[in-house]
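Structural characterization, general
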Amino acid sequence: MANLYKDIPIERFSVRSTYTSRSSFLDVDPAELATFRAERISSALVLIAVRGELDLSTTPSVRSFLDCQLVEGRKYVLDFSAVDFIGTDGLSVLFAMDAHCGGVGEGWALVTSRAVRCLLRATELESRFPAFESTGAAIASLRGAACGSEGADELAISQ
C-alpha cells in the first residue's frame, strides 16, 4: 500500500489540551502537554521524538503525525526518552509502529523513558518491542541490523 503522505514535509507539531473536572473546565498550563517532531538522520533513517504526556487526549494527534511520517523503505527510531507519562492508550502508537515496520520488513527502535519502561513492564510487553536506553544505541542497532548484528545493543528491561 502506497503512503499517501510521503510528500508531506517532516515538521514539528504540538498538542494542547484541557482537562475536565466535574464542575468546570480547568485550563491546563499553556505549556504543551505533548510535542512531537521528525528529523531525517539519513535518507533511510528517521528519528521521531515525542516529549511530554502520551494520554487519551494526546495519543490521537501523535498517531496522526506518525501515520504521516511512515514511508516504506525507511527505518525509524521512536524516541520516547522525554515522555513523562504514558497511558495504556499510548501503546497504540507502539503497536502502529510495529505493524507498519513489520508489514514492510523495515526495522525500528524505541528509546524508552522510565515511564515507558514501567508501562511495558506492567503490561508484560517489555520484550515485544525493540527497546533501548539511548538514541545512540537505537540508531546503532538499526545501522548494525543492515550489517547483520541486529539486537546487539538491545536494552533488557529488568523486573
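Residues numbered from 1 in each chain as written. Predicted model: local features only at pLDDT ≥ 70, side-chain atom pairs only at ≥ 80, totals over all residues. Heavy atoms only, no water.

**Observations regarding the overall build of the protein chain**
- Across its full length, the protein chain holds four helices and eight strands.
- Counting helices and strands in the order they occur from the N terminus, the protein chain gives β-β-β-β-β-α-β-α-β-α-β-α.
- Here the protein chain holds 159 residues, and the buried ones make up 42% of them.
- Summed over all atoms, the accessible surface of the protein chain reaches about 8,800 Å², with 51% contributed by carbon and sulfur. (Helix = DSSP H or I, 4+ residues; strand = E, 2+ residues; numbered from the N terminus. Buried < 20%, exposed > 50% of the residue type's maximum accessible area, 1.4 Å probe, protein only. Areas by Shrake-Rupley, 256 points an atom, 1.4 Å probe, with all protein chains shown as cover.)

**As for the pairing of strand β5 (residues 45–54)**
- The element β5 is extensively covered by neighbouring structure, given that eight of its ten residues are classed as buried.
- Here eight bridges tie strand β4 (residues 34–42) to β5, and the two strands are oriented antiparallel to one another. Note that in β5 the partner of Thr-35 across the bridge is Arg-51.
- Hairpin connection between β4 and β5: a loop of two residues separates the two successive antiparallel strands.
- For β5 and strand β6 (residues 75–86), the ladder comprises nine bridges, and the chain directions are parallel. Each bridged residue has a counterpart across the sheet, and for Leu-47 the counterpart in β6 is Val-77. (Pairing = 2+ DSSP bridges.)

**A short note on the side chain of Arg-74**
- Along the chain, the position of Arg-74 falls in the loop between α1 (59–69) and β6.
- Accessibility expressed as a relative area gives 16% for Arg-74, which makes it buried.
- Not counting the four nearest positions on each side in its chain, Arg-74 is found in contact with Arg-40, Ser-43, Ala-44, Val-46, Glu-106 and Gly-107. (Contact = heavy atoms within 4.5 Å.)

**A word on the nonpolar core**
- Residues Leu-78 and Phe-80 are the most contacted members of the largest nonpolar core, which totals 29 residues.
- Counting residues per element, the ones that place at least two in this core are β4, β5, α1, β6, α2 (91–104), β7 (108–111) and α3 (114–122).
- Ignoring anything within four residues of it in the chain, the contact list for Phe-80 reads Val-50, Leu-54, Ile-86, Val-93, Leu-94, Leu-110, Val-111, Thr-112, Ser-113 and Val-116.
- Listed in part, the ten residues of the second largest apolar core include Val-77, Ala-138, Ile-139 and Leu-142. (Core = buried A, V, L, I, M, F, W, Y, C linked by side-chain atoms within 4.5 Å.)

**Side note on the packing of α1 against α2**
- The geometry of α1 relative to α2 is characterised by a closest axis approach of 9 Å and an angle of 15° between their N-to-C directions. Taken together, the axis directions place α1 and α2 in an arrangement best described as roughly parallel. Read as a crossing pair, α1 and α2 show a hand that is right-handed. Touching Thr-59, Val-62, Arg-63 and Leu-66 of α1 are Ser-92, Val-93, Ala-96 and Met-97, all from α2.
- In terms of residue class, the contact of α1 with α2 is made up of five nonpolar, two polar and one charged. (Axes fitted to C-alpha atoms, helices over the stretch in contact; angles between N-to-C directions. Parallel < 35°, antiparallel > 145°, perpendicular 65-115°, else oblique. Left-handed = near helix turned anticlockwise from the far one by under 90°. Nonpolar A, V, L, I, M, F, W, Y, C, P; charged D, E, K, R; others polar.)

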